[in-house]
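# Observations on the three-dimensional arrangement
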Amino acid sequence: MLPAAARLLSPSSLRRRCGGSGGGGGIGRADRRARLALRASVTPPPSPPSPTAGDEGGRSRGDNVLAALATASATLTDAFPLLTLAAGAAALASPATFITAISPGLTEASLSALMLSMGLTLSMSDIRRGLSRPALLVASVALCYGFMPALAAGISAVVGLSSGHRAGLLLLGLISGGQASNLCVHIAGGDVALSVAMTTASTLGAAVAVPALAAHLLSASVSVGAAGLAATTAKLVLAPVAAGAVANAAAPRAMRALRPLLPVVGIVATLLIILGATARAAGVVAPALSALALPVAALHAGGFVAGWATAKGLAAVGLAGPPGAARRGSGVARTLAFEAGFKSPALAYVLAIKHFAADVGLAPAVSILVLAPLAAAAAALMRRFGAPTPFSESAGAAAAEETK
């Protein structure tokens, strides 16, 4: 535009526009038209309308709220080990307060909320995949009811525990897996669907395994009703997990937006469980800590290591799952580690006080206080530092596998 306007202002152009005459009026009109053309050429075009401040501010506020909630969730997850320690200490310091505030019904509801938060992370394909790896499920049950009781017997012999403490540690070793393991697997980046399947398998197996092992190892018979245990498992574990998976399938976009906040639900539920269970066992936990804290911690830590090593062995011989499962970074090693080392001390404590002498319940009571911070610390470290598993590969390799 600028060269064209300059030509309009040239003397020859002005003479042509005035018909070659020297009349001032013609030249003046031509001059004005040329100047208007020049002014138009240097005036920038109007900017397109921008979004209103209200719309832009609304979007940014919504994004900021979600980002702030996600940051708070991550911070709370990192603080999970300290929170479990604080909850246990508070329950020991003022048991009457939490016995009154946290009823057994609230403890059950907290467990259901924990399992619901895990179910909301699952899709139906996740659940099918969790059930499609029988070798891993068998390994989990074998570790739970084979390796862990043997490890408990070995630790008792090495440490030289009294007969009551030894029986309590054996009972803790042979009890089924704890449902809070699913939360730790989720925080650690493991395979939640597989974790739920393993926990359910060990819980259902408890109806047969716990009485049999107790009769053999403790020279006593522990009565556990298979029908009642199955009904309790369905109510507190399977039903909320299934409800969460259905909700995730029905509204995947909304559940995906809420997913960073789900660990908060699980953490709060776990803290309520710790507060209620520890408060009710406070009278026996405090005196037994010095004698049993290390043996109990060694039992759980040994289970974590054994589960991790078993996952490596299964991966080496191609029994980690369907082809490609290992390469998708499914976190099987983390999952099996937590499922092997994570027991249900609350169930062991209830069975001990119902069927055995009082000192048999001491090891399970101590485990209520020791296990949660130990497992939470391991999960938080894996999440924070990205501890590798034998199945972890680059995102590019995982994406290439998915497209096959």
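Presented here is an overview of the structure given in this document. (Residues numbered from 1 in each chain as written. Predicted model: local features only at pLDDT ≥ 70, side-chain atom pairs only at ≥ 80, totals over all residues. Heavy atoms only, no water.)

Our next topic: the overall build of the protein. Within the protein one finds 20 helices and zero strands. Looking at the protein as a whole, 44% of its 404 residues are labelled buried. Here the analysis covers contacts within the protein between residues at least 6 apart in sequence; of these, 87% occur between residues at least 24 apart. Surface accessibility of the protein: about 18500 Å² in total, with carbon and sulfur atoms responsible for 68%. (Helix = DSSP H or I, 4+ residues; strand = E, 2+ residues; numbered from the N terminus. Buried < 20%, exposed > 50% of the residue type's maximum accessible area, 1.4 Å probe, protein only. Contact = heavy atoms within 4.5 Å. Areas by Shrake-Rupley, 256 points an atom, 1.4 Å probe, with all protein chains shown as cover.)

Right, let's get into helix α16 (residues 282-316). At L289, α16 shows its maximal bend, which comes to roughly 80°. Following α16 by one or two positions, G318 adopts a phi angle in the positive range, close to 75°. (Bend = angle between axes of the 7 residues up to and from the residue.)

Taken as a whole and judged by the stated rule, the model has one salt bridge. A salt bridge links D191 to R133, with the shortest nitrogen-to-oxygen separation between them at 2.8 Å. In this pair, D191 is assigned in the loop between α11 (181-188) and α12 (192-217) and R133 in the loop between α8 (124-131) and α9 (134-159), connecting sequence segments 58 residues apart. Neither residue differs from the other here; D191 and R133 are each classed as buried. (Salt bridge = Lys/Arg side-chain N within 4 Å of Asp/Glu carboxyl O.)

On to the side chain of S195, then. Following the sequence through the fold, S195 ends up in helix α12. If we skip the residues at most four places from it in the chain, S195 touches S181, N182, V185, T335 and E339.

Moving on to the packing of helix α5 (residues 80-93) against helix α15 (residues 262-280). Two numbers describe how α5 lies on α15: the axes approach to 8 Å, and their chain directions differ by 30°. Taken as axis vectors, α5 and α15 run roughly parallel relative to one another. For the pair α5 and α15, the sense of crossing is right-handed. Across from F80, L83, T84, A87, G88, A90, A91 and L92 in α5, the residues of α15 making contact are I267, T270, L271, I274, L275, T278 and A279. For the contact of α5 with α15, the per-class residue count stands at 11 nonpolar, four polar and no charged. (Axes fitted to C-alpha atoms, helices over the stretch in contact; angles between N-to-C directions. Parallel < 35°, antiparallel > 145°, perpendicular 65-115°, else oblique. Left-handed = near helix turned anticlockwise from the far one by under 90°. Nonpolar A, V, L, I, M, F, W, Y, C, P; charged D, E, K, R; others polar.)

Mapped onto the elements of the fold, K235 is located in helix α13 (residues 226-250). The class of K235 is exposed, set by a relative accessible area of 56%. A C-alpha to C-alpha distance of 9.6 Å links K235 and E108, two positions 127 residues apart in sequence.

Let's shift gears to the environment of M198. Assignment of secondary structure puts M198 in helix α12. Put simply, M198 and N182 are 16 residues apart on the chain and 9.5 Å apart in space, counted from C-alpha to C-alpha. Excluding anything up to four places from it in sequence, M198 contacts L136, L137, S140, T335, L336 and E339.

Turning our attention to helix α18 (residues 345-355). Among the residues of α18, P345, A348, Y349, L351 and A352 are the ones counted as buried. The buried residues of α18 all sit within an arc of 170° when viewed along its axis, so they share a single face. (Arc of directions from axis to C-beta.)

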